[in-house]
Each structure stands twice: as structure tokens, then as C-alpha cells.
Amino acid sequence: NISPEPVLKFPLALSDGQSCPLEDLVVFEIRYSDRIGENYFARYSPQHKWYYYPKATRDEAVLLKVWDSRGKAFCKAPDKQTETVPVTFTLHSAFDDPATPPDAPDRESIEVRTIVFY
């Protein structure tokens, strides 16, 4: 949130990646002028666990995992020396909160992506 007011409209929701198995993901292509990428939608399941941060202020930040090449669901041919982690990425989305007041200001936010190697 970059606004002085807390986020009321379309707050950010994050999934518990361990509650969303590969079978619940739908792959879709993203076509760029120089390559084809892919991303995922999730099919609905009552087993999915979602969390959100109501009324987020600009003093708060959310860090989420966009991709981890050691995630056990996508790790290519892990061997005994390759340590995997339980979750490859975090599904996330803004959503229409029914508790939002009708006159709530639009959400203003910034997304920054950072790559970490260690």
C-alpha cells in the first residue's frame, strides 16, 4: 500500500502453498514477443487455505515466494544432495471483499520482484 489510507478495496490474499496440490493447478501460456512463458490458475478446492491482510497500511510489507527451484513439486531429478523445500511458489491475488464499504478508495500498491541467490 502506498496510500496514507489503509487498503479497503481489493486486499491481497495469499495461499498456503502446502494446501494446493499440483492437481489443482491449471497452466496457461503468456506470450511475449520473444518467448512464451507460463503461469498458473488454481481450481477451487475447499482444502485450499487462504489468508489476507485486512486494512494493510503503507508501513507494512508482504514478502511472498514467487518461485523456488528447489520446491519439491517442480524440482528436476532431486538427488540425495539436493535439499527440496515444501512449496515452490505462493498463489496470490487481490479479491473483492464483501465487507468493503461502497465508497472505499481504490487500492494503490507497488509490486517489487527481487531475485535471491544463496
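### Some remarks on the side chain of Ser 19
- Tracing the backbone through its elements, the reader meets Ser 19 in the loop between strand 1 (12-15) and strand 2 (25-31).
- Relative accessible area serves as the criterion here: at 11%, Ser 19 is assigned to the buried category.
- Of note is the side chain of Ser 19, whose polar atom sits 2.7 Å from the backbone oxygen of Asp 16.
- Contacts of Ser 19, omitting those with residues within four sequence positions, involve Gln 47, His 48 and Lys 49.

### Overview of the confidence of the model for the chain
- Averaged over the chain, the pLDDT score is 89; the fraction of residues at 70 or greater is 96%.
- The lowest-confidence element of the chain is strand 3 (residues 36-42), averaging 91 in pLDDT; the highest-confidence one is strand 4 (residues 50-52), averaging 95.

### Brief notes about unusual backbone geometry
- Of note in this structure, Phe 10 is not a glycine but carries a positive phi near 55 degrees.
- Mapped onto the secondary structure, Phe 10 falls in the segment before strand 1.
- Here Phe 10 falls in the partly exposed class, since its relative accessible area comes to 38%.
- The phi dihedral of Lys 55 is positive, around 55 degrees, even though this residue is not glycine.

### With respect to the pairing of strand 3
- Pairing analysis gives seven bridges linking strand 2 to strand 3, with the strands arranged antiparallel. Bridging across to strand 3, Leu 25 finds its partner in Ala 42.
- Between the antiparallel neighbours strand 2 and strand 3 lie four residues.

### What to know about the environment of Val 27
- Looking at where Val 27 falls in the secondary structure, it is placed in strand 2.
- Sequence separation between Val 27 and Trp 67 is 40 residues, and the spatial gap between their C-alpha atoms is 15 Å.

### Things to note about the packing of aromatic side chains
- As enumerated under the stated definition, the model contains four aromatic pairs in all.
- Centre to centre, the rings of Phe 28 and Phe 41 are 4.3 Å apart; their planes meet at 25 degrees, and the pair counts as stacked. Here Phe 28, found in strand 2, pairs with Phe 41, found in strand 3; they are 13 residues apart in sequence, far enough to count as distant.
- A relative accessible area of 25% means that Phe 28 is categorised as partly exposed.
- Between the aromatic rings of Tyr 40 and Phe 89, the centroid separation amounts to 5.2 Å while the plane-to-plane angle is 15 degrees, which identifies the pairing as stacked.

### Points about the pattern of salt bridges
- This structure, assessed with the given rule, holds six salt bridges.
- In this structure, Lys 9 and Asp 106 form a salt bridge, with 3.0 Å as the shortest nitrogen-oxygen distance. Of this pair, Lys 9 sits in the segment before strand 1 while Asp 106 is found in the segment after strand 5 (92-94), placing the two residues 97 residues apart along the sequence.
- Note on Lys 9: relative accessible area 23%, which makes it partly exposed.
- Linking Asp 68 and Arg 70 is a salt bridge whose minimum nitrogen-to-oxygen distance equals 3.9 Å.
- The exposure class of Asp 68 is buried, given its relative accessible area of 13%.
- Here the residues in one salt-bridge network are Lys 65, Asp 68 and Arg 70, joined through shared partners.

What counts and what doesn't
- Residue numbers restart at each chain and count upward from 1, following the sequence in its written direction.
- In view of the model being predicted, local features appear only for residues whose pLDDT reaches at least 70, and side-chain atom pairs are presented and counted only at 80 or more, with totals across whole chains, interfaces and linings using the full set of residues.
- Processing note: side-chain calculations cover all non-hydrogen atoms of the structure and skip hydrogens and water entirely.
- Each helix is a run of DSSP H or I of at least 4 residues and each strand a run of E of at least 2, with the numbering of both proceeding from the N terminus.
- Throughout, exposure labels follow a simple rule: accessible area from a 1.4 Å probe, protein chains only, divided by the maximum for the residue type, with under 20% read as buried, over 50% as exposed, and the rest as partly exposed.
- Definition of a polar contact: a pair of N or O atoms within 3.5 Å, with one able to donate and the other able to accept a hydrogen when the atoms are protein atoms, and with sequence-neighbouring residues admitted only if both atoms are side-chain atoms.
- Whether two residues are in contact is decided by their heavy atoms, any of which lying within 4.5 Å being enough.
- Think of pLDDT as the predictor's per-residue confidence, scored from 0 to 100.
- Pairs of strands are assigned from DSSP output, requiring at least two bridges between the strands.
- Centres within 6.5 Å make a pair out of two Phe, Tyr or Trp rings, where for Trp the six-membered ring is used; the pair is then stacked when the planes are under 30 degrees apart, edge-to-face when over 60, and tilted otherwise.
- Each salt bridge in this description consists of a side-chain nitrogen of Lys or Arg and a carboxyl oxygen of Asp or Glu lying within 4 Å of one another.

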